[in-house]
Amino acid sequence: MLTLRKKRLIVRTLFDIVKVLIFLALFLFIALPFVFKYTPWIQRHLVFLPFVRVPGYINFTDPESVGLPGSRNFYLESEPGVKLGVWQILPADINDSTTDRSEKWFTEQLSDNRTVVLYLHGNSNNRAGPHRIELYHFLRKLNYHIITFDYRGYADSTQLAPNETAVVADAKAVYDWVKEKTGSSKLIVWGHSLGTAVSSHLVADLCLEGNRPDGLILESPFNNVFDEVRSHPMAWVWRKMPYFDWFFTSALEKNDLGFVSDQRISVIDIPILILHAKDDVVVPFMLGQALYEAAEQSRSTDWPKAEFVGFEAEYGYAHKYIVRAPELPEIIRKFEDRCE
């Protein structure tokens, strides 16, 4: 039988466990939500994740060192005091053995009538992320020019905390530079994940200005940041709590993080291609479908149609690896033909 002392020890231990659980519950469901809601710095860093850098060291001044032949690094100014690191990657069939590797020579190649892709990456990491380099190789083999860059706060770009207005301004600065250099070459904007929201905002503004690109590709997109936050795996702990939106989503719009691609897409009057894998757990497939449905419902029937291509879960492409789909080259070529 248990002695009185052992019984008291068990009761005390159970009581301590209950106190710890109560403390954890208060911390998780009260303290953290309030900290998130009233700390814009934390919101910006959780949306953009600029501090996640894998691999840790990259020599951005030498993109060929990461396996990208026929490439160069340069810098553009987005606005006074804001520098953006940019890579230009040449198509595979350009003879890069020439001794002329000057900035002028590289720039002239952009107007050779091959399609130019301006790539806007998603959150975390940088323009040298492994799955991004895999995409650059894919585009090179299609003989496309690639321009890719890092927003402020990422990699070797100016270290300022990003928000929606800022990253769209960064994308616009790079777009304007590319547009000036491409001549009659087709220019397609390709965004991935959070980059689809930046791309949608950018291209919507460009269409309203009459300065549109020839096409827009949205890979693994969400319809709006509010639904993405509700659906994100990191939010599962808080998703069912009362006032979830008051704590977590309303603050995003207030602090210039309210990406709403499903509204922006209504004014985009160029061909749109949406790509999404059914096994994507970071941005669920249903959010890509919701964006496509918004495009179908809000865009004029006189405009080039939006196209949605889904990829079955059994292939394992998930959030980052649609580039490995064997049918993707044909999909992209057909879309390129629509971009007149």
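Refer to the structure presented above.
Along each chain, residue indices are assigned from 1 in the same order as the chain's sequence is written. Confidence filtering applies because this is a predicted model: local features only for residues at pLDDT of at least 70, side-chain atom pairs given and counted only at 80 or more, and all residues used for totals across whole chains, interfaces and linings. Only hydrogens and water are removed before side-chain values are computed, so all heavy atoms of the structure are retained for them.

K.L.:
Which parts of the structure should I look at to understand the overall build of the protein?
P.N.:
The number of helices and strands found in the protein is 12 helices and eight strands. For the protein, the C-alpha atoms occupy an extent of roughly 90 × 45 × 45 Å along the three principal directions. Among the 340 residues that make up the protein, the fraction classed as buried is 51%. Counting only contacts in the protein whose residues sit at least 6 apart along the sequence, the fraction spanning at least 24 positions is 75%. Accessible areas in this description were obtained via Shrake-Rupley with a 1.4 Å probe; residue shielding takes into account the shown protein chains only. Working note: accessible area of the protein is about 15,900 Å², and carbon and sulfur atoms make up 58% of it. Per the convention used, a helix needs a DSSP run of H or I reaching at least four residues, while a strand needs a run of E reaching at least two, with both numbered from the N terminus. Partly exposed residues are those whose accessible area sits between 20% and 50% of the maximum for their type, while under 20% is buried and over 50% is exposed, using a 1.4 Å probe and protein chains only. Any pair of residues with heavy atoms lying within 4.5 Å of one another is described as a contacting pair.

K.L.:
I tried to follow the sheet that holds strand 6 (residues 215–219) on my own but got confused; where do I start?
P.N.:
The strands that make up a sheet pair up through hydrogen bonds in the backbone, lying either parallel or antiparallel. Spatial strand order, 1-2-4-3-5-6-7-8: eight strands in an open sheet with mixed pairing. The open sheet terminates on both sides in strands that have one partner only, identified here as strand 1 (71–79) and strand 8 (306–311). On average, each strand axis in the sheet is inclined to that of its neighbour by 20°, with strand direction left out of account. Strands are treated as partners if at least two bridges between them are detected by DSSP. Of the pairings in the sheet, the one linking strand 1 to strand 2 (residues 82–89) comprises eight bridges and is antiparallel in character. Bridge pairing in strand 2 places F74 opposite V86. Helix 12 (residues 328–338) contacts strand 5 (187–192), strand 6, strand 7 (272–277) and strand 8 of the sheet and is inclined by roughly 160° relative to strand 7. The axes used here are C-alpha line fits, helices contributing only the stretch in contact, and every angle between their N-to-C directions lies in the interval 0 to 180 degrees.

K.L.:
I tried to follow the pattern of salt bridges on my own but got confused; where do I start?
P.N.:
Between side chains of opposite charge, a pair can form when the charged atoms approach closely. Salt bridges are defined as contacts in which a side-chain nitrogen from Lys or Arg sits within 4 Å of a carboxyl oxygen from Asp or Glu. Under the defined criterion, the tally for this structure stands at 20 salt bridges. For R152, the salt bridge is made with E79, and the minimal N-O distance between the two is 3.4 Å. With R152 in the loop between strand 4 (145–149) and helix 5 (164–182) and E79 in strand 1, this residue pair connects regions lying 73 residues apart in the sequence. Taking relative accessible area as the criterion, E79 reaches 34% and is therefore assigned partly exposed. As a salt-bridge pair, E108 and K104 come within 2.5 Å of each other at their nearest N and O atoms. Taken together, the residues E108 and K104, both in helix 3 (residues 103–109) and four residues apart, mark about one turn of the helix. Residue classification places E108 among the partly exposed positions, given a relative accessible area of 41%. Overlapping salt bridges bring together E79, R152 and D170 as one network.

K.L.:
Just checking my understanding: could you explain the environment of P233 for this structure?
P.N.:
By secondary structure assignment, the location of P233 is in the loop between helix 7 (225–231) and helix 8 (244–248). In the structure, P233 is positioned 83 residues away from D150 in sequence and 25 Å away in space, judged by C-alpha atoms. Discounting chain neighbours no more than four positions away, the residues touching P233 are R239, V281 and V282.

K.L.:
What is the right way to look at helix 4 (residues 130–141) in this model?
P.N.:
Since the α-helix packs 3.6 residues into each turn, any two residues three or four apart lie on the same face. For a helix, the expected span equals 1.5 Å multiplied by the residue count minus one. The end-to-end C-alpha distance of helix 4, which contains 12 residues, comes to 17 Å, matching closely the 16 Å that a straight helix rising 1.5 Å per residue would cover. Within helix 4 the residues assigned to the buried category are H131, R132, I133, L135, Y136, F138, L139 and R140. Where the residues of helix 4 are buried, they touch strand 2, strand 3 (116–120), strand 4, strand 5, strand 6 and helix 12. Once helix 4 ends, the next one or two residues include N143, with phi positive near 65°.

K.L.:
Sorry if this is basic, but what is going on with the pairing of strand 2 here?
P.N.:
Across a regular strand the side chains alternate sides, sitting on one face of the sheet and then on the other. Here strand 2 lies mainly inside the structure; seven of its eight residues are buried. The sheet contact formed by strand 2 and strand 4 spans four bridges and is antiparallel. What sits directly across from V86, in strand 4, is F149.

K.L.:
Please clarify how the packing of helix 5 against helix 6 (residues 194–209) should be interpreted in this entry.
P.N.:
A packed helix pair is summarised by two numbers, namely the angle formed by the two axes and the spacing between the axes. One way to put it is that helix 5 packs onto helix 6 with a least axis distance of 9 Å and a crossing angle of 60°. Relative to helix 6, the element helix 5 is oriented oblique. Along this stretch, helix 5 crosses helix 6, giving a crossing that reads as right-handed. Only V198, H201, L202, D205, L206 and E209 of helix 6 make contact with helix 5, whose side of the interface consists of E164, V167, V168, A171, K172 and Y175. Residues are grouped as follows: Ala, Val, Leu, Ile, Met, Phe, Trp, Tyr, Cys and Pro are nonpolar; Asp, Glu, Lys and Arg are charged; all remaining types, including Gly, are polar. Within the contact of helix 5 with helix 6, the residues separate by chemical class into seven nonpolar, one polar and four charged. Each angle gets one of four labels, with under 35 degrees taken as roughly parallel, over 145 as roughly antiparallel, 65 to 115 as roughly perpendicular, and the rest as oblique. Whether a crossing is left-handed or right-handed is set by the direction in which the near helix is turned from the far one by less than a right angle, anticlockwise for left-handed and clockwise for right-handed.

K.L.:
How should the state of the cysteines be read in this particular structure?
P.N.:
Covalent bonding between the sulfur atoms of two cysteines is what defines a disulfide. Pairs of cysteine sulfur atoms within 2.5 Å are what we label disulfides. In total, this model carries zero disulfides according to the counting rule given. With no disulfide of its own, C207 lies 12 Å from the sulfur of C339, the closest cysteine sulfur. When its relative accessible area of 6% is taken as the criterion, C207 is described as buried. On the basis of relative accessibility, which here comes to 0%, the residue C339 falls in the buried class.

K.L.:
What is the right way to look at the nonpolar core in this model?
P.N.:
Grouped burial of nonpolar side chains is what soluble globular proteins tend to show. In this description, a nonpolar core means a group of buried Ala, Val, Leu, Ile, Met, Phe, Trp, Tyr and Cys residues linked to one another through side-chain atoms lying within 4.5 Å. Among the nonpolar cores identified, the biggest contains 92 residues, and W190, F259, L275 and F311 are the most heavily contacted of them. A per-element tally of this core places helix 6 first, with eight residues.

K.L.:
What am I meant to see in the pairing of strand 7 here?
P.N.:
Among the six residues in strand 7, six count as buried, and that is most of the element. Burial along strand 7 is two-sided: the residues I272, I274 and H276 and L273, L275 and A277 are all buried. Sheet topology note: the strand 6/strand 7 ladder contains four bridges and is parallel. When the bridges of strand 7 are listed, I217 appears paired with L273. As paired elements, strand 7 and strand 8 share six bridges and run parallel to each other.

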